[in-house]
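Chain and residue survey
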Amino acid sequence: MEPTTNQLQEQFQQRIDLEQKIEPRDWMPEKYRQTLIRQISQHAHSEIIGMLPEGNWITRAPSLRRKAILLAKVQDEAGHGLYLYSAAETLGISRDEMYEQLHTGKAKYSSIFNYPTLSWADMGAIGWLVDGAAIMNQVPLCRTSFGPYARAMVRVCKEESFHQRQGFECLLQLSKGSEVQRQMCQDAINRWWWPSLMMFGPKDDESPNSKLSMQWKIKRFTNDELRQKFVDMIAEQIKVLNMVLPDPDLTWNETRKHYDYGAINWEEFKQVIQGNGPCNKERLEARKKAWADGAWVREAATAHAAKQANKKAGAEQYSTKETQ
Amino acid sequence: MRLYLQKNLYGDYGDGHAGGLEQGTKQDQEKQWPLWEVFIRSKQGLDHKHAGSLHAADATMALENARDVYTRRNEGMSIWVVESKYIHASDPDASAEFFEPANDKIYRHPSFYDLPDSLKHM
């Protein structure tokens, strides 16, 4: 007798509770599949769009060393996007469909990449704060319940640590530099701090998808839990830089054993998500242009592959005749 | 030519109905590069292990892309790529029956044999 949907759902939840991974061809509730497609593709898009703000500084990096590091980092972001697109594809969505969703604005990407990179210090602040926040989110995802996503995240996390460390080192150097360099460093921190906090998503009581994602162990911690961990970490690390975070309410709370922090401007978050951030239009245009400009390369590669395959088939036919 | 794949694959393969997925993904072969699975030998003496998948127009490109995507930090010294559609796999829904024959043969394990403690080097 075929099991009913209810039974399948129950078995599915049991597997999750036993910490068994779900693999692409296992039965899964349609909502689980859709949630994962949304989350993984959004994550992949963020990696790809995330190359743009940093790409802005590759040609203007202050030294060959910094340039090589930045190139390697941006190349990693491309790699991370590719791992994640592959993981999403196992759920039955094609790469082209995902690109289309990105290009038409149907799919979102992390709001942080809609802010401009105004100075070289932004490369440091992005590495330290933005990648730092990303790592907070990503480390628990290495244990997420969907196998291909978890495996992709293990790869991503291995590489992400370099991103954060190079960012901090970049700021550390500026913080020990001239007065102008110190100002540049502080200014970058001021501009990236609040958007970094927004990267963890809406507050728990306003995050509608969270409950189910926790039940399915897609997520392991809530948005606010991760945000708090991040604040606690950065509030200590900034002391090494001798800089300050732009939050007058930031204080150690002895009873909570955590840092208290000021109110986040959720209206700004909403505006950026809705497409009204400083660079939304520019980012999407750059991405669409890259895709359109690359069309002839993709077509040429396909034509070349077909030609080579034909040649090979022809040669094989010929050599078979010869031996007969 | 249109090819209807039941599933794009990564880390799990197979024919037959895909879990929970009602309809297959339509892949326009003219436009989209085929999917390849990547296997990497991390060092001499070890097996090639599945690393992930990628799209490429042909095998040469698949190898080069695999190098750039999966071995940027010397993670491999040999790469295999195979078009995903050529991989056959056991059916996860039938895995209980499929692997059942091994379940009742505990005598295949060394711990099945109860031997005196005085017996050395065995």
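Just above sits the structure.
Definitions and limits used
Residues numbered from 1 in each chain as written. Chains lettered and ligands numbered in written order. Predicted model: local features only at pLDDT ≥ 70, side-chain atom pairs only at ≥ 80, totals over all residues. Heavy atoms only, no water. Helix = DSSP H or I, 4+ residues; strand = E, 2+ residues; numbered from the N terminus. Buried < 20%, exposed > 50% of the residue type's maximum accessible area, 1.4 Å probe, protein only. Contact = heavy atoms within 4.5 Å. Areas by Shrake-Rupley, 256 points an atom, 1.4 Å probe, with all protein chains shown as cover. Lys, Arg positive; Asp, Glu negative; His and termini not counted. Charge placed at Lys NZ, Arg CZ, Asp CG, Glu CD. Phe/Tyr/Trp six-rings, centres within 6.5 Å; stacked < 30°, edge-to-face > 60°. Lys NZ or Arg CZ within 6 Å of the ring centre and 35° of its normal. Pairing = 2+ DSSP bridges. Axes fitted to C-alpha atoms, helices over the stretch in contact; angles between N-to-C directions. Salt bridge = Lys/Arg side-chain N within 4 Å of Asp/Glu carboxyl O.

**Some words on the overall build of chain A**
In terms of helices and strands, chain A carries 13 helices and two strands. If one aligns the C-alpha atoms of chain A with their principal axes, the spans along those axes are about 85 × 60 × 35 Å. Relative to its 324 residues, chain A shows a buried fraction of 51%. For chain A, the share of sequence-separated contacts (at least 6 apart) that also reach a separation of at least 24 residues comes to 76%. As displayed, chain A offers around 15900 Å² of accessible surface, 56% of which is attributable to carbon and sulfur atoms. If you average the places of the 43 positive and of the 41 negative side-chain charges in chain A, the two averages end up 4 Å apart.

**A closer look at the packing of aromatic side chains**
What describes a pair of aromatic rings is the distance from one ring centre to the other and the angle between the planes of the rings. This model, assessed by the stated rule, comprises 17 aromatic pairs over all chains. Between the aromatic rings of Trp57(A) and Trp120(A), the centroid separation amounts to 6.4 Å while the plane-to-plane angle is 65°, which identifies the pairing as edge-to-face. Note that Trp57(A) is positioned in the loop between helix H3 (51-55) and helix H4 (64-89) and Trp120(A) in the loop between helix H5 (95-103) and helix H6 (121-141), a separation of 63 residues in sequence. For the pair formed by Trp57(A) and Trp120(A), the shared burial category is buried. Relative to Tyr113(B), the ring of Phe112(B) lies with its centre 5.0 Å away and its plane at 85°, an arrangement referred to as edge-to-face. A connected cluster of aromatic rings, assembled from ring pairs, spans Phe12(A), Trp27(A), Tyr32(A) and Trp216(A). Here Arg60(A) stacks its cationic end above the ring of Trp57(A), 4.3 Å away from the centre of that ring. Note that Arg298(A) overlies the ring of Trp291(A), its terminal NZ or CZ placed 3.4 Å from the centroid.

**Quick word on the environment of Thr90(A)**
Position of Thr90(A) among the secondary structure elements: in the loop between H4 and H5. Along the chain, Thr90(A) and Ile37(A) lie 53 residues apart, while their C-alpha atoms are 9.3 Å from each other.

**A look at the environment of Leu212(A)**
Inspection of the secondary structure assignment puts Leu212(A) in helix H9 (residues 210-215). On the basis of relative accessible area, Leu212(A) is assigned to the partly exposed category, the value being 29%.

**Describing the pairing of strand S4 (residues 48-55) of chain B**
Residue and element names in this part refer to chain B. Of all the eight residues making up S4, six are buried; the element is thus mostly covered by neighbouring parts of the structure. Two strands pair when backbone bridges link them, and strand S3 (residues 35-41) and S4 are joined in this way by seven bridges, in the antiparallel orientation. Bridging from a neighbouring strand, Glu-37 pairs with Ser-53 of S4. Joining the antiparallel neighbours S3 and S4 is a turn of six residues, in which Gly-45 adopts a positive phi near 100°.

**Side note on the sheet that holds S4(B)**
Backbone hydrogen bonds hold the strands of a sheet together, and the pairing may be parallel or antiparallel. All names here are of chain B. Ordered in space as S4-S3-S5, the three strands form an open sheet in which the pairing is antiparallel. Looking at the sheet topology across the chains shown, the edges are occupied by S4 and strand S5 (78-83). Sheet twist, expressed as the mean angle between neighbouring strand axes with direction ignored, is 25°. Contacts between helix H1 (residues 59-70) and the sheet are confined to S3, S4 and S5, with S4 contributing the most and set at about 110° to the helix.

**Some thoughts on the pattern of salt bridges**
It is possible for side chains of opposite charge to pair when their charged atoms get near one another. Residues and elements named next belong to chain A. This model, assessed by the stated rule, comprises 28 salt bridges over all chains. Its salt-bridge partner being Arg-283, residue Glu-282 comes within 3.9 Å of it at the nearest N-O pair. The exposure class assigned to Arg-283 is buried, which follows from its relative accessible area of 6%. Residues joined by salt bridges that share partners form a network here, namely Glu-54, Lys-73, Glu-77 and Asp-131.

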